[in-house]
Amino acid sequence: HAKATGGGVFSSYHPRMREGLADRLELESDLRAALENGDLRLHYQPTVDLATSQVIGFEALVRWPHPTRGMINPLDFIPIAEATGMIVPLGRWVLHEACRQAVAWAAAGDGPPPKMSVNVSVRQFDRADLSEMVTQVLTDTGMPADRLCLEMTESVLMTDTEANLEQLLRLKALGLTLAIDDFGTGYSSLAYLRRFPVDTLKIDRSFVERLGVIADDTALTDTIVRLGKSLGMATVAEGIEEFGQLAALREMGCGFAQGYYFSRPVPADEAGRLFLEGANV
Ligand code: C2E
Ligand code: MG
Ligand code: MG
Ligand code: MG
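Residues numbered from 1 in each chain as written. Chains lettered and ligands numbered in written order. Predicted model: local features only at pLDDT ≥ 70, side-chain atom pairs only at ≥ 80, totals over all residues. Heavy atoms only, no water.

J.: Run through the packing of aromatic side chains, naming residues and quoting values.
T.: Inspection of every chain in the model, using the stated rule, returns 8 aromatic pairs. Aromatic pair Phe243 and Tyr261: ring centres 6.5 Å apart, planes at 50 degrees, arrangement tilted. Of the two residues, Phe243 is situated in helix 10 (residues 243-252) and Tyr261 in the loop between strand 9 (256-257) and strand 10 (266-267); the sequence distance between them amounts to 18 residues. Assessed through its relative accessible area of 35%, Tyr261 is described here as partly exposed. Aromatic side chains Tyr261 and Phe262 sit 5.3 Å apart centroid to centroid with 85 degrees between the ring planes, which places their arrangement in the edge-to-face category. Among the residues examined, Phe262 registers a relative accessible area of 12% and is labelled buried. Within the aromatic cluster, the residues linked to one another by ring pairs are Tyr44, Phe58, Trp105 and Phe275. One residue, Arg264, lies across the ring of Tyr260, its end atom 3.9 Å from the ring centre. (Phe/Tyr/Trp six-rings, centres within 6.5 Å; stacked < 30°, edge-to-face > 60°. Helix = DSSP H or I, 4+ residues; strand = E, 2+ residues; numbered from the N terminus. Buried < 20%, exposed > 50% of the residue type's maximum accessible area, 1.4 Å probe, protein only. Lys NZ or Arg CZ within 6 Å of the ring centre and 35° of its normal.)

J.: Which residues make up the coordination of the magnesium ion (ligand 2), and what are the values?
T.: Only Glu59 (OE), Asn119 (OD1), Glu151 (OE) and Asp181 (OD) from the protein reach the magnesium ion (ligand 2) as donors, at distances of 2.0 to 2.2 Å. Mapped onto the polypeptide sequence, the residues donating to the magnesium ion (ligand 2) form the spacing pattern E-x59-N-x31-E-x29-D. Here the magnesium ion (ligand 2) and the magnesium ion (ligand 3) are spaced 3.9 Å apart, linked through Asp181, which binds each one. Separated by 122 residues along the polypeptide, Glu59 in strand 2 (residues 55-66) and Asp181 in strand 6 (residues 177-183) bring together distant segments of the chain. The exposure classification of Glu59 matches that of Asp181, with both residues buried. (Donors = N, O, S within 2.8 Å, 3.2 Å for Na, K, Ca; no water.)

J.: Mind laying out the nonpolar core, listing which residues take part and the relevant values?
T.: Membership of the largest hydrophobic core comes to 75 residues, with the highest contact counts inside it found for Met116, Val134, Leu148 and Leu150. At 9 residues, helix 3 (residues 87-108) tops the list of elements feeding residues into this core. In this view, Met116 contacts Tyr44, Phe58, Ala60, Ala98, Ala102, Trp105, Met143, Arg147, Leu148 and Cys149; residues no more than four positions away in its chain are not counted. (Core = buried A, V, L, I, M, F, W, Y, C linked by side-chain atoms within 4.5 Å. Contact = heavy atoms within 4.5 Å.)

J.: A description of the site of ligand 1 should follow, citing residues and the corresponding values.
T.: Lining the immediate environment of ligand 1, one finds 23 residues, of which Arg63, Asn119, Asp181, Glu241 and Tyr260 sit closest. With respect to ligand 1, the side chain of Arg205 contributes an N or O atom lying 3.2 Å from a nitrogen atom. In this structure, an oxygen atom belonging to ligand 1 sits 3.1 Å away from a side-chain N or O atom of Glu238. For ligand 1, whose accessible area on its own is 800 Å², the fraction buried by protein is 85%. Those elements that place two or more of their residues in the shell around ligand 1 are strand 2, helix 2 (74-84) and strand 6. No other element matches the 4 residues that strand 2 contributes to the shell around ligand 1. Taken together, the residues of the shell around ligand 1 break down into 9 nonpolar, 6 polar and 8 charged. (Near = heavy atom within 4 Å. Polar contact = N/O pair within 3.5 Å; in protein donor to acceptor, adjacent residues only side chain to side chain. Areas by Shrake-Rupley, 256 points an atom, 1.4 Å probe, with all protein chains shown as cover. Nonpolar A, V, L, I, M, F, W, Y, C, P; charged D, E, K, R; others polar.)

So this is what it looks like as structure tokens:
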């Protein structure tokens, strides 16, 4: 319609779309302010060892309590952060805060120190200095590298493959572990899995959700667990909500799990209590 009405590029926009754009720009500047003012928060979801039922660590998940819109879901602002490049300082903040917290919990407890998993966006891999940034954070916080796990999606393996492979090798050289998040939803080939220095497969919640309900999903989950085993990788099931799913995953020999069945992601004080009281969830 833009041509017919003789208008410019924007003439085909419906007013609602303009509102959408203004909204988006406002959200963008609010996010920048939140990041600068230290208004973002981390919640922590326990990772459970299925052999012992012990909480062995946490995944850090970013939260944005917005002054007027309430809590904004990361799926609604991480894409904005990625599109604007804000993901770089935001990702650095998340890593720093998660490591600082893990070190504090380790010092406060007398059991085994917690492992900490942090999500890293594919956009952070575009930066050649990613491993320098991680090194700096480990040094600044005193976090031992072997307690840190970085989670990435399969897209990191599939895009910019050579450059990202080098980045992953540099990260591995620091002594940390690497996990593929949402495994099974992307398009990574088995050849890539062998080639990349990946330690852990996180089985996407969509498979776990239909365990025991849809035979194909049960078979796929079992296959992923076996694949992990045969490649010497750990397997973590995401999104366990029911006992039946837990039992099925144990039966398959899946090593670790997360999910509402054990605990939702919770604020630091609550996660600290879970960990320090040695909760057997
Ligand atoms: P993810 O890394 O796959 O994290 C798991 C998501 O599933 C989390 O959503 C978690 O709250 C949710 N979840 C966990 N257990 C259950 C369950 O039993 N049932 C259901 N229905 N959901 C469950 P959340 O916190 O909203 O995060 C969504 C996604 O946003 C994350 O998926 C991750 O991709 C991204 N994200 C979160 N924090 C960060 C961050 O600090 N940096 C980056 N780059 N991405 C992040
Ligand atoms: Mg994750
Ligand atoms: Mg995931
Ligand atoms: Mg997921």
